[in-house]
Amino acid sequence: YLLETLKIPVTKKNDREDTHYRSTLRWAPWAKHFEELKASFPTTEVGLAKYLQAYLACVSFVDDQVGKVLETLRNSKFNKNTVVILTSDHGYNHGEKDFLYKNNLWEESTRVPMIIKAPNKKSSQGKHISHPVSLIDIYPTIADLSSINASNLKNDKGKPLSGYSLKPFIESPNNPQWNGPDVALTVVRGNVKSSIPNEQSYSVRSETYRYIRYFNGKEELYDHIKDPYEWKNLASNKAFKRIKKKLGQQMDELLDI
């Protein structure tokens, strides 16, 4: 990846001014990564380009390893009887909102790839699903596609695992019979000394909006139709009060608080 041909992410000057991440999570050492990068290079653009160059090299390496796995599967007797799911545990901010890392609740870090290849499901091949889903949905999807009905409880003190099977999206991409939520939930640590659910920071992403609620009550709201880069925080805009309330309720339902 030649530096002179790389395009660093689109950013907005002072985009962090209407956000609450740093004021809420001052303890986080990674919150300083962007400032440390700026101090290490002649210009911010040069630093971001070199960082992106290394990141893309890592992506290419992983892509090559995925290719080896799929080629081995293709040449095996299991090729027509194996579900393949390619995903990631997080995304990454490359300078958006003056941030360089993961562990935040914005789009760049919470949105991840998810590609599912299921045997005998050619009708959904190449289809793109816009409905938000979560990594917690992977286990029930595998169990459903594999016809596994056994309980995951070790004893009567346990609870069933959360999540919903994505099989409806695979079988009928245009008209899925989905029983899961309309939003995808993300969490980052809030109070580092607590494991209590309502003392952490969360976001929910619908097809249209992202709502963020930090553990100290501060909020962010973004309209992804008009503002795909999440440049304008609408949380204090009275015109979006009803939308924010609904997203907050959906968040609480998923958290069971």
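Residues numbered from 1 in each chain as written. Predicted model: local features only at pLDDT ≥ 70, side-chain atom pairs only at ≥ 80, totals over all residues. Heavy atoms only, no water.

(A) Region of interest: the environment of N152. Looking at the element boundaries, N152 is found in the loop between helix 5 (138-145) and helix 6 (167-171). On the accessibility criterion, N152 (32% relative accessible area) is partly exposed. Along the sequence, N152 and A184 sit 32 residues apart, while their C-alpha atoms lie 23 Å from each other. Those residues in contact with N152 that sit more than four places away from it in its chain are Y139, K159, P160 and L161. (Helix = DSSP H or I, 4+ residues; strand = E, 2+ residues; numbered from the N terminus. Buried < 20%, exposed > 50% of the residue type's maximum accessible area, 1.4 Å probe, protein only. Contact = heavy atoms within 4.5 Å.)

(B) Broad picture of the environment of E171. Within the secondary structure, E171 is located in helix 6. On the accessibility criterion, E171 (41% relative accessible area) is partly exposed. Each C-alpha atom, one on E171 and one on K121, is 6.7 Å from the other, the two residues being 50 residues apart in sequence. The residues contacting E171, other than those within four sequence positions of it, are K121 and S123.

(C) Looking closely at the packing of aromatic side chains. Counting across every chain of the model gives 11 aromatic pairs. Plain terms: the ring middles of Y229 and W231 are 4.9 Å apart, the flat faces sit at 20° to each other, and that makes the pair stacked. Residue placement shows K97 over the ring face of W106; its charged tip is 5.7 Å from the ring centre. (Phe/Tyr/Trp six-rings, centres within 6.5 Å; stacked < 30°, edge-to-face > 60°. Lys NZ or Arg CZ within 6 Å of the ring centre and 35° of its normal.)

(D) View of the layout of surface pockets. Its boundaries defined by the atoms lining it, the second largest pocket holds a volume of some 470 Å³. Forming the walls of the second largest pocket are 15 residues, and the residues nearest its centre are Y55, V59, V62, S88 and P113. Within the residue set of the lining of the second largest pocket, elements represented by two or more residues are helix 3 (44-74) and strand 1 (84-87). The element that contributes the greatest number of residues to the lining of the second largest pocket is helix 3, accounting for 6 residues. The residue inventory of the lining of the second largest pocket, partitioned by class, reads 8 nonpolar, 4 polar and 3 charged. (1 Å grid on protein atoms, 1.4 Å probe; cavity = no way out; pocket = protein on both sides within 12 Å on 5 of 7 lines; lining within 4 Å. Points joined across faces, edges and corners; volume = space filled by probe spheres on them. Nonpolar A, V, L, I, M, F, W, Y, C, P; charged D, E, K, R; others polar.)

(E) Quick look at the pattern of salt bridges. Enumeration over the complete set of coordinates arrives at 11 salt bridges. Notably, a salt bridge pairs R111 with E107, separated by 3.3 Å at the nearest N-O pair. The closest approach of N and O atoms between E230 and R210, which form a salt bridge, is 2.8 Å. Placement of the pair is E230 in the loop between strand 8 (219-223) and helix 7 (241-255) and R210 in strand 7 (residues 209-213), with a sequence separation of 20 residues. Judged by its relative accessible area of 0%, E230 is buried. Since its relative accessible area comes to 2%, R210 is described here as buried. In the salt-bridge network here, residues are joined through shared partners; they are E107, R111, R205, R210 and E230. (Salt bridge = Lys/Arg side-chain N within 4 Å of Asp/Glu carboxyl O.)

(F) Expanded view of the pairing of strand 7. In terms of burial, strand 7 is a largely internal element, 4 of the 5 residues being buried. When strand 6 (residues 201-205) meets strand 7, the two strands line up antiparallel, connected through 4 bridges. Residue pairing in the sheet places S203 in a bridge with I212 of strand 7. Here strand 6 hands over to strand 7 after 3 residues, the two strands then running antiparallel side by side. As paired elements, strand 7 and strand 8 share 5 bridges and run antiparallel to each other. Following the sheet pairing, R213 is matched in strand 8 by E219. The turn joining strand 7 and strand 8, which pair antiparallel and follow one another in sequence, is formed by 5 residues; a positive phi near 95° is taken by G217. (Pairing = 2+ DSSP bridges.)

(G) Looking closely at empty space enclosed by the protein. The final tally for this structure, using the stated rule, is 1 cavity of 30 Å³ or more. Of the pockets and cavities examined, the largest cavity occupies roughly 30 Å³. In terms of lining, the largest cavity is formed by V10, T11, K12, D15, E96, K97, E108, Y229 and W231. For the lining of the largest cavity, the class distribution of residues is 3 nonpolar, 1 polar and 5 charged.

That is the geometry; function is a separate question.
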